[in-house]
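These are the residues of each chain, in order.
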Amino acid sequence: MQVEWNPLDHDEDMLALCTKHGIQLQAWSPLGGDHGDILSNPQVVAIAATHNTSTAQVVLKWSLQRGVAVVTGTDNPAHMASDLDLWGFTLTDQEMTELNNLKP
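Described in the following lines is the structure provided in the data block.

Definitions and limits used
By convention here, each chain's residues receive numbers from 1 onward along its written sequence. At least 70 in pLDDT is required for a residue's local features to be given in this predicted model, at least 80 for side-chain atom pairs to be given and counted, and no such filter applies to totals for whole chains, interfaces and linings, which use all residues. Values reported for side chains reflect all heavy atoms of the structure, with hydrogen atoms and water molecules removed beforehand. When DSSP finds at least two bridges between two strands, those strands are taken to pair. Where helices and strands are cited, they refer to DSSP runs of H or I of at least four residues and of E of at least two residues respectively, numbered from the N terminus. Contacts are assigned to residue pairs with any non-hydrogen atoms lying within 4.5 Å of each other. When two rings of Phe, Tyr or Trp (its six-membered ring) have centres within 6.5 Å they constitute a pair, described as stacked for plane angles under 30 degrees, edge-to-face for angles over 60, and tilted for the intermediate range. Only protein chains enter the accessibility calculation, which uses a 1.4 Å probe; a residue whose area is less than 20% of its type maximum is buried, one above 50% is exposed, and one in between is partly exposed. To sit over a ring, a charge needs its Lys NZ or Arg CZ within 6 Å of the ring centre and within 35 degrees of the ring normal. Axis definition: a line fit to C-alpha positions, over the contact stretch in the case of helices; interaxial angles, taken between N-to-C directions, run 0 to 180 degrees. Angles below 35 degrees are treated as roughly parallel, those above 145 as roughly antiparallel, those between 65 and 115 as roughly perpendicular, and all remaining angles as oblique. Gly is placed with the polar residues, together with every amino acid not listed as nonpolar (Ala, Val, Leu, Ile, Met, Phe, Trp, Tyr, Cys and Pro) or charged (Asp, Glu, Lys and Arg).

## Description of the sheet that holds strand 1 (residues 2-4)
Point 1. The strand order across the open sheet built from 3 strands is 1-2-3, with neighbouring strands paired in parallel fashion. A strand with exactly one partner marks an edge of an open sheet, and here the two such strands are strand 1 and strand 3 (69-70).

Quick look at the structure:
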């Protein structure tokens, strides 16, 4: 099931329902959507600096650590490779909580 899913817009009840029934939730607009620019959010910027990663990597990693699949797209292969280089770091429980609680 694909729904809008990013730190500024995520439906916890939907994730719980999908998990309960073995449905893979897939993020639509994982880098931000109707609720603003998540990539310049000060908390996301600070977390990215801590891990020496991009803000896009932080936001995508947040989804993956929540068990949500992500699909990204770009015309720039180098940009895509950078965004998807997500395996060299793990967000802490505190960082995950901060991202879970961001408000638009």
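## Some points on the environment of Glu-4
Point 1. Looking at the secondary structure, you find Glu-4 in strand 1.
Point 2. Sequence spacing of Glu-4 and Arg-66 is 62 residues, and the spatial spacing of their C-alpha atoms is 14 Å.
Point 3. When near neighbours in sequence (up to four residues on either side) are disregarded, Glu-4 contacts Asp-9, Trp-28, Ser-29, Gly-33 and Asp-34.

## Some points on the packing of aromatic side chains
Point 1. Applying the stated criterion to the full structure yields 1 aromatic pair.
Point 2. Judged by centre distance (5.4 Å) and plane angle (20°), the ring pair of Trp-5 and Trp-62 falls under stacked. Here Trp-5 is found in the loop between strand 1 and helix 1 (12-20), whereas its partner Trp-62 is found in helix 3 (residues 55-65), with 57 residues between them in sequence.
Point 3. Overall, the relative accessible area of 0% leaves Trp-5 in the buried class.
Point 4. You can call Trp-62 buried: its relative accessible area is 0%.
Point 5. Sitting over the face of the ring of Phe-89, Lys-61 holds its NZ or CZ atom 5.5 Å from the ring centroid.

## Here's the deal with unusual backbone geometry
Point 1. Phi angles above zero are rare outside glycine, and Ser-29 is one such case at about 60°.
Point 2. Among the secondary structure elements, Ser-29 is positioned in the loop between strand 2 (26-28) and helix 2 (42-51).
Point 3. The backbone phi angle of Asn-52 is positive, close to 55°, even though this residue is not glycine.
Point 4. Structurally, Asn-52 is set in the loop between helix 2 and helix 3.
Point 5. The class for Asn-52 is exposed, based on a relative accessible area of 72%.

## Overview of the environment of Ser-54
Point 1. Secondary-structure assignment places Ser-54 in the loop between helix 2 and helix 3.
Point 2. Judged by its relative accessible area of 25%, Ser-54 falls in the partly exposed class.
Point 3. Residues Ser-54 and Leu-102, spaced 48 residues apart in sequence, show a C-alpha to C-alpha distance of 18 Å.
Point 4. If we skip the residues at most four places from it in the chain, Ser-54 touches Ala-48 and Asp-83.

## Considerations on the packing of helix 3 against helix 5 (residues 93-100)
Point 1. Their axes nearest at 11 Å, the elements helix 3 and helix 5 cross at an angle of 100°. Relative to helix 5, helix 3 is oriented roughly perpendicular. The residues of helix 5 that touch helix 3, namely those facing Val-58, Trp-62 and Gln-65, are Met-96, Leu-99 and Asn-100.
Point 2. The residue makeup of the contact of helix 3 with helix 5, split by class, is 4 nonpolar, 2 polar and no charged.

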